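Notes for the structure review
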Amino acid sequence: MSLRRNNEMKGTNMKRLRWSVAPLLIIIGLSMVIGIATLYTGCKPNAVLLQVGAHSIDITPEKLPAIRNGGFIQQTLDQVLDRLHARCFVFKSEDEIIAIAVVDSCMIPRDVCNQAKVLASKRTGIPADRILISSTHTHSAPSVMDMCLGSSSDPSYDKFLPPKIAEGIASAYENLEPARTGWTVVDAPEHTHNRRWLKHPNSYADDPFGEKTVRAMMHPQYQNPDYIGEAGPVDSGLSLISIESADGSRPIGLLANYSMHYFGVSGGFSADYYGRFCELMEKRISASDSAERPFVAAMSQGTSGDLHWMNYSRPKKENYGIEQYTEELASIAFDAYQTIDYKIDASKLAMVETTITLDRRLAGAERLAWAAELNAKRGDRRPGNRPEVYAEQVVWFLEHPKEELVLQAIRIGDLGITAMPNEVYGITGLKLKAQSPFEATFNMELANGAAGYIPPPEQHFLGGYTTWPARTAGLELDAEPIIVDALLGMLEELSGLKRKPLTTDFYNDQQREAIRKARADDNNRTNRGLEY
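Scope of this entry: the structure provided in the associated data block. (Residues numbered from 1 in each chain as written. Predicted model: local features only at pLDDT ≥ 70, side-chain atom pairs only at ≥ 80, totals over all residues. Heavy atoms only, no water.)

Below, the discussion takes up the overall build of the protein chain. Per the secondary structure count, the protein chain includes 11 helices and 19 strands. Counting every position in the protein chain, which comprises 532 residues, the buried fraction comes to 57%. Nonlocal contacts in the protein chain, meaning residues at least 24 apart in sequence, comprise 81% of its contacts between residues at least 6 apart. Working note: accessible area of the protein chain is about 22,400 Å², and carbon and sulfur atoms make up 52% of it. For the protein chain, the distance from the average position of its 57 positive side-chain charges to the average position of its 67 negative side-chain charges is 6 Å. (Helix = DSSP H or I, 4+ residues; strand = E, 2+ residues; numbered from the N terminus. Buried < 20%, exposed > 50% of the residue type's maximum accessible area, 1.4 Å probe, protein only. Contact = heavy atoms within 4.5 Å. Areas by Shrake-Rupley, 256 points an atom, 1.4 Å probe, with all protein chains shown as cover. Lys, Arg positive; Asp, Glu negative; His and termini not counted. Charge placed at Lys NZ, Arg CZ, Asp CG, Glu CD.)

Below is the structure:
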């Protein structure tokens, strides 16, 4: 064979080799791209991409003095101790969009929430039934609710707040970007305790109506011998949803949830510990204040109707304040935050909403006569003591015998969220978490309205503040199980799974015995609405 012929054959073989290798190189290249994309996003190649935006807007009152609620008697404040905010998040997939606003307010009634939702929907196109607005429950915020015990709504602030919330949601919408989310739950039992304690049988007390019905009451003082123990269990779970950019290079937001009523601040308007917690988490997670889209942290209220930070079974902590409390809780949250795993798949983003109507516990003839006498003596001035507060509420109930409640449930991956417009006992939160079909669930109270305390039916027999009929505590006796059943049904709808069976009542023997005796005595009958 000649040298020329040999070289021609070599060239032909090389061409054949190049053509045979080319498809293999293309396949390998595509696989590498897909693999890198999968690694980049933390999800499967066919995953539905998620977008999230966050924004915090200042809602501090511009006009002072302003009416503050959170106490029995109306009070005005003329100082601002720290700024108030509405911390807003928008979650978007191909076929779902959800907005969540956590507002530094004691409570926001349904009509004010609806005003904000309508304005936000007009600006963003987000349907009103896909917007959740909740209050942190700071007791140092301007009032936007009439008949909040003895407080009225501040006429300036209730016009100021809804557009601000809508603006915050709209800004979060404008900040939408590819993102991934992760969540975790950690137990924080040293920072929330039951504030409702069982009274010793020798120390049962009178309610504001002059009847000896109080067998359980809030804030018994530390190691008070007139009280024998907590009236119910505690939900001490601290839940965190973390949001960061799709490549994990930048944090976007953090939504926390914890069941603790409030810490307590006096002398001016304040976001209470919720605002301080958010500032600490923002500094620890994202140190830069100059970012185009600053990191936003929010602490939402859990099921804290009977929970507070004080541990009344132990001596009072000396020199213990809001800064130390918040620092401790933020440290627990930050440690948990660092363990979160992230996913970008938005195929499991969903939300449902329903509306139910419940009765209020109306007064009978004797209670009506009692209220009429007190109201006549008071005249046009605001109530100045507890009996006057509740006498005014009796008349308001006659004009508003029913309450409409908005209930919501959200799915973010394998995490479930419920939202209700009530102040909810810790045991109710435990029931929802135990029966939820999701891997984990947390509950946001005082969301989309302010329909008052909902003690479980058995707790009504023990009496006490949370059972005294008022706009803040007046729904029908079975409101709690009705709401729990509706929320669990919504979680079933979102998950496609049945609720888990409830295998415990969460009470200890002392609590069960106190409830049994109160039932046998038919205690608190009038306040349970049975005299109407």
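Moving on to the pairing of strand β18 (residues 415-419). Where a strand is regular, its side chains alternate between the two sheet faces. Where burial is concerned, most of β18 is hidden: 5 out of the 5 residues are buried. Every second residue of β18 is oriented toward a common face, with Leu-415, Ile-417 and Ala-419 on one face and Gly-416 and Thr-418 on the other, all of them buried. Count of turn residues in the strand β17 (residues 402-412)/β18 antiparallel hairpin: 2 residues, of which Gly-413 carries a positive phi of about 65°. Note: β18 against strand β19 (residues 440-444), 5 bridges, orientation parallel. When the bridges of β19 are listed, Thr-418 appears paired with Asn-443. With helix α8 (residues 426-435) bridging β18 and the parallel β19, this β-α-β connection has right-handed handedness. (Pairing = 2+ DSSP bridges. Right-handed = clockwise from strand over helix to strand, strands pointing away.)

Once that is clear, we can look at the pattern of salt bridges. According to the stated counting rule, one finds 35 salt bridges in the structure shown. The salt bridge involving Glu-392 is made with Arg-378; its shortest N-O contact spans 3.9 Å. Taken together, the residues Glu-392 in helix α7 (residues 386-399) and Arg-378 in helix α6 (residues 365-378) connect sequence positions 14 residues apart. Judged by its relative accessible area of 12%, Glu-392 is buried. Take Arg-378: its relative accessible area is 10%, and that puts it in the buried class. What emerges from the salt-bridge pattern is a single network uniting Arg-110, Arg-360, Glu-403 and Glu-404. (Salt bridge = Lys/Arg side-chain N within 4 Å of Asp/Glu carboxyl O.)

For the pair helix α4 (residues 272-285) and helix α5 (residues 322-337), interaxial distance at closest approach is 9 Å and the crossing angle is 45°. Considering the angle they form, α4 stands oblique to α5. By crossing handedness, the relation of α4 to α5 is classed as right-handed. Mapping the contact onto sequence places Asp-272, Tyr-273, Arg-276, Phe-277, Leu-280, Met-281, Arg-284 and Ile-285 in α4 and Ile-322, Glu-323, Tyr-325, Thr-326, Glu-327, Leu-329, Ala-330, Ser-331, Ala-333, Phe-334 and Tyr-337 in α5. (Axes fitted to C-alpha atoms, helices over the stretch in contact; angles between N-to-C directions. Parallel < 35°, antiparallel > 145°, perpendicular 65-115°, else oblique. Left-handed = near helix turned anticlockwise from the far one by under 90°.)

What follows is about the side chain of His-137. Considering the arrangement of structural elements, one finds His-137 in the loop between β6 (131-135) and α3 (157-174). Using a relative accessible area of 1% as the deciding quantity, one classes His-137 as buried. Within polar-contact distance, the side chain of His-137 engages the side chain of His-261 at 3.2 Å. Once residues lying within four places of it in the same chain are set aside, the contact partners of His-137 are Ser-105, Cys-106, Met-107, His-261, Tyr-262, Tyr-274, Gln-301, Glu-423 and Leu-446. (Polar contact = N/O pair within 3.5 Å; in protein donor to acceptor, adjacent residues only side chain to side chain.)

Another aspect to go through is the packing of helix α2 (residues 110-124) against α3. For the pair α2 and α3, the least separation of the axes is 8 Å and the interaxial angle reads 35°. In this structure, α2 meets α3 at a crossing whose hand is right-handed. Contacts from Val-112, Gln-115, Ala-116, Leu-119, Ala-120, Arg-123 and Thr-124 of α2 reach α3 at Pro-162, Pro-163, Ile-165, Ala-166, Glu-167, Ile-169, Ala-170 and Tyr-173. Grouping the amino acids of the contact of α2 with α3 by side-chain chemistry returns 11 nonpolar, 2 polar and 2 charged. (Nonpolar A, V, L, I, M, F, W, Y, C, P; charged D, E, K, R; others polar.)

Once that is clear, we can look at the nonpolar core. Grouped together as the largest cluster of nonpolar side chains are 48 residues, with contacts concentrated most on Tyr-273 and Met-299. Of all the secondary-structure elements, those providing two or more residues to this core are β10 (216-218), β12 (237-245), β13 (251-258), α4, β14 (296-301), α5 and α7. Among the elements that line this core, the one with the most residues is α5, at 8 residues. Apart from the residues lying within four places of it in its own chain, the contact partners of Met-299 are Val-102, Thr-136, Leu-238, Ala-256, Asn-257, Tyr-258, Tyr-273, Tyr-274, Phe-277, Cys-278 and Leu-329. Membership of the second largest hydrophobic core comes to 29 residues, among which are Ile-59, Cys-88, Ala-141 and Ile-169. (Core = buried A, V, L, I, M, F, W, Y, C linked by side-chain atoms within 4.5 Å.)

Our next topic: the sheet that holds β10. Reading across from one edge, β10-β9-β11 is the order of the 3 strands in this open sheet, with antiparallel pairing throughout. Where the open sheet ends on each side, the last strands, each with one partner, are β10 and β11 (227-230). Adjacent strand axes in the sheet meet at a mean angle of 35° when their direction is disregarded.

Our focus in this paragraph is the sheet that holds β17. Reading across the sheet, the 4 strands line up as β16-β17-β18-β19 and stay open at both edges, with mixed pairing between neighbours. Across the chains shown, the open sheet's two edge strands, defined by having one partner strand only, are β16 (349-359) and β19. The mean inter-strand angle of the sheet, taken between neighbouring strand axes irrespective of direction, is 15°.

Of the voids in this model, the second largest pocket is the one considered here, and its volume is about 340 Å³. Forming the boundary of the second largest pocket are 20 residues, of which Gly-70, Phe-72, His-139, Met-218 and Tyr-465 lie nearest the centre. When the residues that make up the lining of the second largest pocket are grouped by side-chain class, the tally is 10 nonpolar, 7 polar and 3 charged. (1 Å grid on protein atoms, 1.4 Å probe; cavity = no way out; pocket = protein on both sides within 12 Å on 5 of 7 lines; lining within 4 Å. Points joined across faces, edges and corners; volume = space filled by probe spheres on them.)

With that settled, consider empty space enclosed by the protein. Scanning all chains against the criterion turns up 2 cavities of 30 Å³ or more. Roughly 80 Å³ of internal volume is contained in the largest cavity. Taken together, Arg-361, Leu-362, Ala-363, Gly-364, Arg-367, Gln-393, Val-394, Phe-397, Pro-469, Thr-526, Glu-531 and Tyr-532 form the lining of the largest cavity. If one sorts the elements of the lining of the largest cavity by residue count, α7 sits on top with 3 residues. Taken together, the residues of the lining of the largest cavity break down into 6 nonpolar, 3 polar and 3 charged. Its volume calculated, the second largest cavity comes out at about 30 Å³.

So, on to α8. Most of α8 sits inside the fold, with 8 of its 10 residues counted as buried. Packed against the buried residues of α8 are β15 (307-308), β18, β19 and α10 (479-495).

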